[in-house]
Amino acid sequence: MPELPEVEVTRLSFADRIAGARILSVDMGKPLRWPLQCLPSSLVGRTVVAVRRRGKYLILDLSEGLLLVHLGMSGSVSFASHLPPAGVHDHFAMRTSQGQLRLNDPRRFGAVVYARGEDDPVAQKLLGKLGMEPLTDDFDLRLFHSGLKRRKSSIKQVLLAGDVVVGVGNIYASEALFHSGIRPTTRASSLSLARTRRLHQAIRSVLAQAVLAGGSTLRDFSDAQGAGGHFQLEVMVYGRAGQGCGVCKSTIRAIRQGQRSSFFCPVCQKA
DNA sequence: AGGGTGACCTGTCGGC
DNA sequence: TGCCGACAGGTCACCC
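Residues numbered from 1 in each chain as written. Chains lettered and ligands numbered in written order. Predicted model: local features only at pLDDT ≥ 70, side-chain atom pairs only at ≥ 80, totals over all residues. Heavy atoms only, no water.

J.: Describe the packing of helix 3 (residues 141-149) against helix 6 (residues 193-212), and please don't skip the residues or the numbers.
T.: At their nearest, the axes of helix 3 and helix 6 sit 10 Å apart, and the two run at 115° to each other. The orientation of helix 3 relative to helix 6 falls into the category roughly perpendicular. For the pair helix 3 and helix 6, the sense of crossing is right-handed. Across the interface between the two elements, Leu141, Arg142, Phe144, His145 and Leu148 from helix 3 touch Leu193, Thr196, Arg197, Leu199, His200 and Ile203 from helix 6. Broken down by class, the residue content of the contact of helix 3 with helix 6 amounts to six nonpolar, three polar and two charged. (Axes fitted to C-alpha atoms, helices over the stretch in contact; angles between N-to-C directions. Helix = DSSP H or I, 4+ residues; strand = E, 2+ residues; numbered from the N terminus. Parallel < 35°, antiparallel > 145°, perpendicular 65-115°, else oblique. Left-handed = near helix turned anticlockwise from the far one by under 90°. Contact = heavy atoms within 4.5 Å. Nonpolar A, V, L, I, M, F, W, Y, C, P; charged D, E, K, R; others polar.)

J.: Lay out the domain arrangement of chain A with the relevant residues and their values.
T.: Partitioning chain A into structural domains gives domain 1 (4-127) and domain 2 (141-264). The C-alpha-based centres of domain 1 and domain 2 are spaced at 27 Å. Tallying the contact residues gives 18 residues for domain 1 and 17 residues for domain 2. The contact between domain 1 and domain 2 buries some 1,400 Å² in all, and 65% of this surface belongs to carbon and sulfur atoms. The largest per-residue losses of area from domain 1 upon contact with domain 2 belong to Pro5, Glu6 and Val9, which jointly make up 36% of the total buried on that side. Along the contact surface separating domain 1 from domain 2 lie zero salt bridges. Remark: the boundary between domain 1 and domain 2 carries five residue pairs in polar contact (both at pLDDT 80 or more). At the level of elements, helix 1 (4-18) and strand 5 (76-80) are the ones that each hand at least two residues to the side of domain 1 that touches domain 2. Here the side of domain 1 that touches domain 2 gets ten residues from one element, more than from any other, and that element is helix 1. Tallied by class, the residues present in the side of domain 1 that touches domain 2 amount to eight nonpolar, five polar and five charged. (Domains from an automatic or database assignment. Buried area = accessible area lost by both parts, 1.4 Å probe. Salt bridge = Lys/Arg side-chain N within 4 Å of Asp/Glu carboxyl O. Polar contact = N/O pair within 3.5 Å; in protein donor to acceptor, adjacent residues only side chain to side chain.)

Put into structure tokens, the structure is as follows:
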């Protein structure tokens, strides 16, 4: 479910409301991808100071330490003063003085991990190799170009890998490549500076537009207040195999790259 | 060091 | 209707 826009929309939907809240209790359901790394009860009494985002991670800054929250493929967060009783897929629940926070994640590829700080090895292992943030000044065109230059694999797979630029997942990689006129199979190292500039711009605009649209709700994504997104209505190629390109009417094609689907227009997107 | 592959887990959908 | 395989928004450990 969640790529950068969905994570950012989630963050925006509860960050202000949870800021300053004191933790009253923490309960874990079935195991998530990684263990919490601390006793749940040890978090009680701490305060949630702020909620930040790095790549696809939510970072809850506590009065002491931090919680890294990843939504995996199927995770979603809820935050409300009253929530219905926990269901089978609710695997992390935190009562606070300002409401209840809950992570629902059927596939359990998500995680909630405690770290003492960002230099804690636990945090470094998850955050240490992440690439540039696409929606900030951190996303430098020259660094992007040089990052792509040293990669032999396809541009689509380099985008997904997240060590050059973060946050671009399977939907937005296909979309950004469409908007920049680049085939997903094109070798990353072969992109000229001019084409890299177009891709750089497309990544920024597609992600920013998706945040404005509340993210993409393909099956079940919703933000922490239960609102779904509607960027799926603006999608040009993702999930549209066999349909007509919105620009040139050619038939959108689907291929597999690294066991993931890619979508592109064979006419609008050149190798 | 980079690239390719399997693994993690549950739900849904299409085809027979 | 039922069963079975394919696939789904992510990313890590493991092999060359």
